[in-house]
Every structure is written in C-alpha cells, then in structure tokens.
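Coordinate analysis (summary)
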Amino acid sequence: MSDSVGSGNGEFPEGIAIVGMSGRFPGARNLDEFWRNLRDGVESVSFFSDEQLKAAGLDPAVRRDPAYVGAGGVLEDIDLFDASFFGFNPREAEAMDPQQRLFLECAWETLENAGYDPAKYPGSIGVYAGTGFSTYFFNVYQNAELVKLLGGHQIMIGNDKDHLTTHVSYKFNLRGPSMTVQTACSTSLVAVCVACRSLLDYQCDMALAGGSSVAVPQGRGYSYHEGGIASPDGHCRPFDAAARGTVAGNGVG
C-alpha cells in the first residue's frame, strides 16, 4: 500500500511512500518469515513424494516420465478463510477461488499494517492488482449441486479475474479506482506502476497494489521441456552461472 507524499506546502506530491505491506509465500506465512528465508538462504521449493503425488491425483504414467520434475512452491493453508469477517456465507466462500480469498485477507492485513481504517480514512483508496488463471473454477463447476445452489453468476464473481479488485473495493467500501491488471508474469509489478501513476495523477489518495497466484491442486510438479523456462531439476538459481530455469510457485502480495 502506498500514498502520495506532499512537498510541504500542501500543493504537489513529490513522490510515493510505501506505508503498508502484506504477503503469503511458499515457506513464509508473512513478510517477516519471507525476509528471514531470504536472509538465511532458505530454499522454499518443495519436492513431492510418491504418496503426495498420488494424493494430488497425478497420473502414475506422468510421474514415470523422465522429463517430469516433482517440485513446486506450495502455499500453506489455502483452504482456510474467515468468511464471516468479510461478510460471506460458507457456501459463497467455498465457491470462491483461493486467489481471491487470500488477496482479500492480504489487502486487509496491509491496511492494518499501514495503520489506516478504510471506514475512517477521508480520502479515496484505489485498488490495482491481478491474479493467475483460475484453476479452482473447474473444480467448482464440477460440483453440480453447488452450481445449482449459488447460480453461475455468483460463481463467476468469485472466480473470474476481472472481479479480484472490485471485490476488495466493495467489501471495504473503498471509493477510489478499482482496476484489474493482467500482464502475465509482470502483473504485480505493472499493478504497482499503475497505482503510482494514479497517485501522481490525483486519481486516488492511497492505493493498494499487488497480485495473487494460486494454482490448485498444489503439489503436482511439472514436465521439463528443453529450451523452456522451467528448471530441469526443480532448483531455482537466480543470478548464478549454474541457473537453468525457474520453478513455478504460489503466492500473494
């Protein structure tokens, strides 16, 4: 979260101040744990056992493929959500993509970390963020009873990427711009850039910016392809001469 910083005469902003942050990452439930992992050189990629892969529903034939790599960044507790706190009934929460649930939680935590109550803040707060492709949607739509109970429209709102930011704005009664940003891997960075420009252009007084990416089910690994972006051994070695690719993960910030 950031807001504009005045020049002292109350007229023109000179820059952007980051006043609050929140995040969930593989091996880190918050930013303090994330920083500690970075400082200590902790590798947060998980390597999955045959039992874990079987439980995740992975085809045994895929597991036996020499190109298969049983590794990935796993986010803990994606099934947990305080539905009543955000005004959802249990069924609505069940049908909502974890990407949206976790983003709602992190957005609230960021406001708390910044020390601002959106109900009392006199200015406008904008929201700029994006989300990954909703793999959870397919699981929900296979539950015919749930689809009949909630209806397609409610399920769409809880899973489609276009409703990520407007859900936050609606639930927190924010009055600034609410914009979904989608630029693939650069989504979160572009969202921050757009938020900063919005502050400097006086479109809002404070901005929440970030992203959410959680693929389900977790713990399935991936297939390595020569010349692709994925690592052949499940290890990610940034800025290293031995670097050979990246490893997919989940996270919210």
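One structure accompanies this document, and this report is about it. (Residues numbered from 1 in each chain as written. Predicted model: local features only at pLDDT ≥ 70, side-chain atom pairs only at ≥ 80, totals over all residues. Heavy atoms only, no water.)

**Some remarks on the pairing of strand β6 (residues 125–131)**
Every other side chain in a regular strand lies on the same face of the sheet, so the side chains alternate between the two faces. Filter applied, for reference: Think of it in three bands: with a 1.4 Å probe and only protein chains considered, a residue is buried below 20% of the maximum accessible area for its type, exposed above 50%, and partly exposed in between. In DSSP terms, a helix is any run of H or I states spanning at least four residues, a strand is any run of E spanning at least two, and both are numbered starting from the N terminus. DSSP calls a pair of strands paired once it identifies at least 2 bridges connecting them.
Within β6, seven of the seven residues are buried, which leaves it mostly tucked inside the rest of the structure. Of the two faces of β6, the one holding Ile-125, Val-127, Ala-129 and Thr-131 and the one holding Gly-126, Tyr-128 and Gly-130 are both buried throughout. Relative to strand β8 (residues 206–213), β6 runs parallel, the two sharing seven bridges. Each bridged residue has a counterpart across the sheet, and for Tyr-128 the counterpart in β8 is Ala-209. Looking at chain direction, β6 and strand β7 (residues 178–180) are connected through three bridges and run parallel. Pairing of Ala-129 across the sheet is with Thr-180, part of β7.

**Some thoughts on the packing of aromatic side chains**
What counts is decided by this rule: To pair, rings of Phe, Tyr and Trp, with the six-membered ring standing in for Trp, must have centres within 6.5 Å; the planes then decide the type, stacked if under 30 degrees apart, edge-to-face if over 60, and tilted in the middle.
Applying the stated criterion across every chain yields a total of eleven aromatic pairs. Considering the side-chain rings of Trp-108 and Phe-172, the 5.2 Å spacing of their centres and the 65° angle between planes classify their relative orientation as edge-to-face. Of this pair, Trp-108 sits in helix α5 (residues 98–114) while Phe-172 is found in helix α9 (residues 164–172), placing the two residues 64 residues apart along the sequence. According to the relative accessible area criterion, Trp-108 is partly exposed, its value standing at 25%. On the numbers, 5.9 Å between centres and 70° between planes, the contact of Phe-137 with Phe-138 is edge-to-face. Using a relative accessible area of 28% as the deciding quantity, one classes Phe-137 as partly exposed.

**Section: the pattern of salt bridges**
This is how it is decided: Salt bridges, as used here, are contacts in which a Lys or Arg side-chain nitrogen is within 4 Å of a carboxyl oxygen on Asp or Glu.
Per the counting criterion, the structure on display carries eight salt bridges. Across the pair Arg-29 and Glu-33 runs a salt bridge whose closest N-O atoms are separated by 2.6 Å. Classification of Arg-29 by relative accessible area gives exposed; the value is 55%. In this structure, Asp-50 and Arg-63 form a salt bridge, with 3.1 Å as the shortest nitrogen-oxygen distance.

**Some words on the packing of α5 against α9**
Two numbers describe a pair of packed helices, the interaxial angle and the distance between the axes. Our working definition: For helices, the fitted line uses only the C-alpha atoms of the stretch in contact; every axis is such a line through C-alpha atoms, and the angle between N-to-C directions lies from 0 to 180 degrees. Roughly parallel refers to an angle under 35 degrees, roughly antiparallel to one over 145, roughly perpendicular to one between 65 and 115, and oblique to any angle outside these ranges. Helix crossings fall into two classes, left-handed where the near helix is turned counterclockwise from the far one by less than a right angle and right-handed where it is turned clockwise. Note on contacts: a residue pair qualifies if any of its non-hydrogen atoms lie within 4.5 Å across the two residues. Ten residues, namely Ala, Val, Leu, Ile, Met, Phe, Trp, Tyr, Cys and Pro, are considered nonpolar, four, namely Asp, Glu, Lys and Arg, are considered charged, and the remaining ones, Gly among them, are considered polar.
Packing of α5 against α9 leaves a shortest axis separation of 10 Å and a crossing angle of 50°. Of the possible angle classes, the one that applies to α5 and α9 is oblique. As for how α5 packs across α9, the hand of that crossing is right-handed. Here Gln-99, Gln-100, Phe-103, Leu-104, Ala-107, Trp-108 and Leu-111 of α5 lie close against α9, whose contacting residues are Leu-164, His-167, Val-168, Lys-171 and Phe-172. In terms of residue class, the contact of α5 with α9 is built from eight nonpolar, three polar and one charged.

**Thoughts on the state of the cysteines**
How we decide: By convention in this document, the label disulfide applies to cysteine sulfur atom pairs within 2.5 Å.
In total, this model carries zero disulfides according to the counting rule given. In this model Cys-106 remains outside any disulfide bridge; the closest cysteine sulfur is found in Cys-196, 19 Å from its own. Judged by relative accessible area, which is 2%, Cys-106 ranks as buried. Note on Cys-193: no disulfide assigned, nearest cysteine sulfur contributed by Cys-196 at a separation of 6.8 Å.

These figures capture arrangement, not role.
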